[in-house]
Structure formats: structure tokens, C-alpha cells
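What follows is each chain in one-letter form.
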Amino acid sequence: MTQEKEGVVSLQADESYCIGSAKPIPDLSIEVIFTSGGISKLERYKALRVLKVWFWEDGLLTVYHLHDGSYEWVDRSQLPGLNDLNLDLLRQYILMAETDAGEAIRAFRREI
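Here the structure is a predicted model, which means the values were calculated and not measured.

**Some details on the overall build of the protein**
The number of helices and strands found in the protein is three helices and seven strands. The order of helices and strands in the protein, counted from the N terminus, is β-β-β-β-α-β-β-β-α-α. Against the 2.2 N^0.38 benchmark of 13 Å for 112 residues, the protein shows a C-alpha radius of gyration of 15 Å, consistent with a compact globule. Taking the principal axes of the C-alpha coordinates as reference, the protein spans close to 45 × 30 × 25 Å. In the protein, which comprises 112 residues, the proportion classed as buried is 35%. Of all intrachain contacts in the protein linking residues separated by at least 6 positions in sequence, the fraction that spans at least 24 positions is 35%. Summed over its atoms, the accessible surface of the protein is roughly 7,100 Å², and 50% of this surface lies on carbon and sulfur atoms. Measuring between centres, the 12 positive side-chain charges of the protein sit 3 Å from its 18 negative side-chain charges.

Written out as C-alpha cells, the structure is:
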């Protein structure tokens, strides 16, 4: 999904999600960083007013929340339905999925 504020900024996250209903700007954007990017993209997300941005890089998941016009690092999601999500456990399943996605999904389902 391309996220755009015409004439100001445009970017495309690796994954984007709207919670509750479809919106032109998602509630959550996820960036998977392989070679470039990273938290430097937060300024662009801020211009779009994306509430939550997650970064996955080198086996680490970092979560940012837009609060009072600036992003702050948080240790858990603040989105409804995701605020009880154990991010350390999610990270383990993501790493597991790199070699066996089926087993990662089965293990995750057993956990919830």
C-alpha cells in the first residue's frame, strides 16, 4: 500500500494494517530492513501521521508510537487487540519461520 500526502511525502511500507476499518493512512506500518532504511524513515511516517511503525532488522523488532507529534520507542504495541502481544515471543516465531514457516505458525497457534 502506497501511503501518500500529496506534494509532501510518499512511501510504501513492507506491510501496512488498518485496525477496525479501511483508511487512506494505516494505523500500523511494518518495515523490514535488509540494506537501507531504518528509523530515519520515521520522519516520513510522521508527516503521514502513521500512529505505529514497527521495524524488523537483524532479528530485532523495534516498535514506535506517535505521541504528541513525535515517535517514541515502546516495549509493546499500543494498538487495540495487539497490546497484549508478547513481542519477544513474536520475534522467536519470526526467526523460526525463516527456516520452517509451517512449524512457526503451528507453534504460534498453540501459544494463543
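Let's pick the thread back up.
**Quick notes on the pattern of salt bridges**
Here the idea is simple: oppositely charged side chains can pair when their charged atoms come close. Counted according to the given criterion, the structure contains five salt bridges. With its nearest N and O atoms 3.1 Å apart, the salt bridge here joins Lys41 to Glu31. Of the two residues, Lys41 is situated in the loop between strand E4 (28-33) and helix H1 (42-48) and Glu31 in strand E4; the sequence distance between them amounts to 10 residues. On the accessibility criterion, Glu31 (2% relative accessible area) is buried. For Glu103, the salt bridge goes to Arg106, with nearest N and O atoms at 3.4 Å. Of this pair, Glu103 and Arg106 both sit in helix H3 (residues 101-111), three residues apart, roughly one helical turn. Given the relative accessible area of 44%, Arg106 is considered partly exposed. By sharing partners, the salt bridges in this structure join Glu103, Arg106 and Arg110 into a single network.

**Things to note about the environment of Val32**
Structurally, Val32 can be placed in strand E4. By relative accessible area, which is 29% here, Val32 ends up partly exposed. When the C-alpha atoms of Val32 and Phe55 are compared, they prove to be 5.9 Å apart, with 23 residues separating the residues in sequence. Apart from the residues lying within four places of it in its own chain, the contact partners of Val32 are Asp14 and Trp56.

About the criteria used
- Residues numbered from 1 in each chain as written.
- Predicted model: local features only at pLDDT ≥ 70, side-chain atom pairs only at ≥ 80, totals over all residues.
- Heavy atoms only, no water.
- Helix = DSSP H or I, 4+ residues; strand = E, 2+ residues; numbered from the N terminus.
- Rg over C-alpha atoms; globule rule 2.2 N^0.38 Å.
- Buried < 20%, exposed > 50% of the residue type's maximum accessible area, 1.4 Å probe, protein only.
- Contact = heavy atoms within 4.5 Å.
- Areas by Shrake-Rupley, 256 points an atom, 1.4 Å probe, with all protein chains shown as cover.
- Lys, Arg positive; Asp, Glu negative; His and termini not counted.
- Charge placed at Lys NZ, Arg CZ, Asp CG, Glu CD.
- Salt bridge = Lys/Arg side-chain N within 4 Å of Asp/Glu carboxyl O.

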